[in-house]
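Observations on the model geometry
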Amino acid sequence: MLTHLTTCLLVMLTPLTSLSSDCQADPTSTSCGCATSRDKNNAPGHQYTEEANLDNTEEQKFARTHSMVEVMGGTFTMGTDKPVFTADKEMPARPITLPSFMLDVYEVSNNEFGLFVSQTSYVTEAEKFGNSFVAEYFLSQETKNEISQAVASAPWWLPVSGADWRHPEGPDSNIQSRGDHPVVHVSWNDAVAYCDWAGKRLPTEEEWEMACRSGKEDRLFPWGNKWMPGGKFYANIWTGEFPKTNTGEDGWEGTNPVTEFPATKFGQKNMIGNVWEWTADWWTSAKVDKVKKGGSFMCHMDYCYRYRCAARSQNTPDSSAYNLGFRCAKNTGGV
């Protein structure tokens, strides 16, 4: 594993000061940078074109992971009366009634997103802006040496030039062995474009949480309140001391394949942990940020206890990050 950058080097980094968000982080909370959004003013600019994204080679064959299952309509309790982060508006617990809908079994993988790009020559926003946020722990020393800025409130998040869905840790990385892992560094706008191409859409926050709860009431996780029933991991989060030590006790230090871990009662995998997932909803009526759900492999109870069904966070629609992906939904019988 790549060595972790020392604290003294982090202090030397110049903070980014123009982050865009309609929900200012509480300086007394441990937000872990969940709401860190793109700084358009400091983006290095376009480095990809549609032509550059054209794949003239024969498409690689892979096991498809684009299947969906129906989530039966009904009434469930959304939110909680015992919020962990009140600023995130996790409360109150309230009844929500929804019609049936279809939801992807898996998070969208690199393979599936690559098929979309090869057929449309789509250019992601991370590629257009020329950078994206990556956790410092996962970067090579060579890449870290090129960085002179960090996020003041979360110095482990670094804007890396050349980081995108094909190069998750920057230009010296690739996804050759991670085709079945969730695609990352995709903005809300990118996710919408993919869903449109696939004849689907993003789930609403209500749909997402209904699926996460899987018919259970007043529970933290899709399977219940105990994190490791029978001493078994059911999801991928940060194990160790965040952000210094990652033990990989759950089998993974970074993302895991979208097919890993047990499915929920409703049939979905990795509804919590692995990567944050975009939803269709705005964070507030100001329509600046979009809601994301589920937490990620970078979440830890001590810093970002947001891998709960009721938990939520936000980013601007053009933001992308190393731990941010999505899955698609569809109306029963149509988009």
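In case you missed it, the structure is sitting above this.
What you see is a predicted model, and the numbers here were worked out from it, not measured in a lab.

**Details of the sheet that holds strand β12 (residues 324-325)**
Strand order in this open sheet of 4 strands is β11-β10-β9-β12, and the pairing throughout is mixed. Looking at strand neighbours, the two that pair on one side only are β11 (313-315) and β12, the edges of this open sheet. With 2 bridges joining them, strand β9 (residues 276-282) and β12 adopt parallel strand pairing. Looking across to β12, one finds that Glu277 is bridged to Gly325.

**Quick look at the side chain of Lys290**
By the element assignment, Lys290 lies in strand β10 (residues 290-293). Buried and without a salt bridge, Lys290 has Asp281 as its closest oppositely charged side chain, separated by 6.7 Å. Within polar-contact distance, the side chain of Lys290 engages the backbone oxygen of Ala280 at 2.9 Å. Aside from chain neighbours lying at most four places away, what touches Lys290 is Trp188, Trp278, Ala280, Asp281, Trp282, Trp283, Ser313, Gln314, Asn315 and Pro317.

**Quick look at the nonpolar core**
Judged by nonpolar contacts, the single largest core of 68 residues is most densely connected at Phe113, Trp157, Trp227, Ile272, Tyr307 and Phe326. Ranked by the residues each element gives to this core, the list is headed by helix α5 (residues 188-197), at 5 residues. In contact with Trp227, other than residues within four places in its own chain, are Phe221, Lys232, Phe233, Ala235, Ile237, Ile272 and Tyr307.

**Quick word on the state of the cysteines**
Tallied over the entire structure, the rule returns 1 disulfide. Linked covalently through their sulfurs, Cys212 and Cys309 form a disulfide whose S-S length is 2.2 Å. The sign of the S-S torsion, about -75°, decides the handedness of the disulfide formed by Cys212 and Cys309: left-handed. One end of the pair, Cys212, is in helix α6 (residues 205-213); the other, Cys309, is in the loop between β10 and β11, with 97 residues separating them in the sequence. Relative accessible area serves as the criterion here: at 0%, Cys309 is assigned to the buried category.

**Digging into the pattern of salt bridges**
The full count for this structure, using the stated rule, is 13 salt bridges. The residue Arg308 makes a salt bridge to Glu90 at a minimum N-O spacing of 2.7 Å. Separated by 218 residues along the polypeptide, Arg308 in the loop between β10 and β11 and Glu90 in the loop between β3 (74-78) and β4 (94-98) bring together distant segments of the chain. The exposure class assigned to Arg308 is buried, which follows from its relative accessible area of 3%. A residue is classified by how much of its surface remains accessible, and Glu90, at 1% relative accessible area, is buried. The shortest N-O distance in the salt bridge between Glu169 and Arg178 comes to 2.8 Å. Taken individually, Glu169 and Arg178 each receive the classification buried, so the pair is uniform in this respect. Salt bridges linked by common partners bring Glu205, Glu209, Arg213, Lys293 and Arg312 together as one network.

**Concerning the packing of aromatic side chains**
Inspection of every chain in the model, using the stated rule, returns 25 aromatic pairs. When the centroid spacing of 5.2 Å and the interplanar angle of 75° are considered together, the rings of Tyr137 and Phe138 count as edge-to-face. Owing to a relative accessible area of 7%, Tyr137 belongs among the buried residues under this scheme. With 5.1 Å between their ring centres and 70° between their planes, Tyr137 and Trp238 make a pair best called edge-to-face. With Tyr137 in the loop between β6 (131-135) and α4 (141-145) and Trp238 in the loop between α6 and β9, this residue pair connects regions lying 101 residues apart in the sequence. Exposure class is identical for Tyr137 and Trp238. Each is buried. An aromatic cluster is present here, built from Tyr137, Phe138, Trp156, Trp238, Phe242, Phe297, Tyr303 and Tyr322 joined pairwise through their rings. Over the ring of Trp282 we find Lys290; its NZ or CZ atom is 3.7 Å from the centre of that ring.

**A look at α5**
Among all positions of α5, only Trp188, Asp190, Ala191, Ala193, Tyr194 and Cys195 are buried. The secondary structure elements touched by the buried residues of α5 are α2 (110-120), α3 (125-129), β9 and β10. Phi for Gly199, located one or two positions after α5, is positive at around 75°.

Here is what the cut-offs are and how they apply
- Residues numbered from 1 in each chain as written.
- Predicted model: local features only at pLDDT ≥ 70, side-chain atom pairs only at ≥ 80, totals over all residues.
- Heavy atoms only, no water.
- Pairing = 2+ DSSP bridges.
- Helix = DSSP H or I, 4+ residues; strand = E, 2+ residues; numbered from the N terminus.
- Buried < 20%, exposed > 50% of the residue type's maximum accessible area, 1.4 Å probe, protein only.
- Lys, Arg positive; Asp, Glu negative; His and termini not counted.
- Salt bridge = Lys/Arg side-chain N within 4 Å of Asp/Glu carboxyl O.
- Polar contact = N/O pair within 3.5 Å; in protein donor to acceptor, adjacent residues only side chain to side chain.
- Contact = heavy atoms within 4.5 Å.
- Core = buried A, V, L, I, M, F, W, Y, C linked by side-chain atoms within 4.5 Å.
- Disulfide = S-S within 2.5 Å.
- Phe/Tyr/Trp six-rings, centres within 6.5 Å; stacked < 30°, edge-to-face > 60°.
- Lys NZ or Arg CZ within 6 Å of the ring centre and 35° of its normal.

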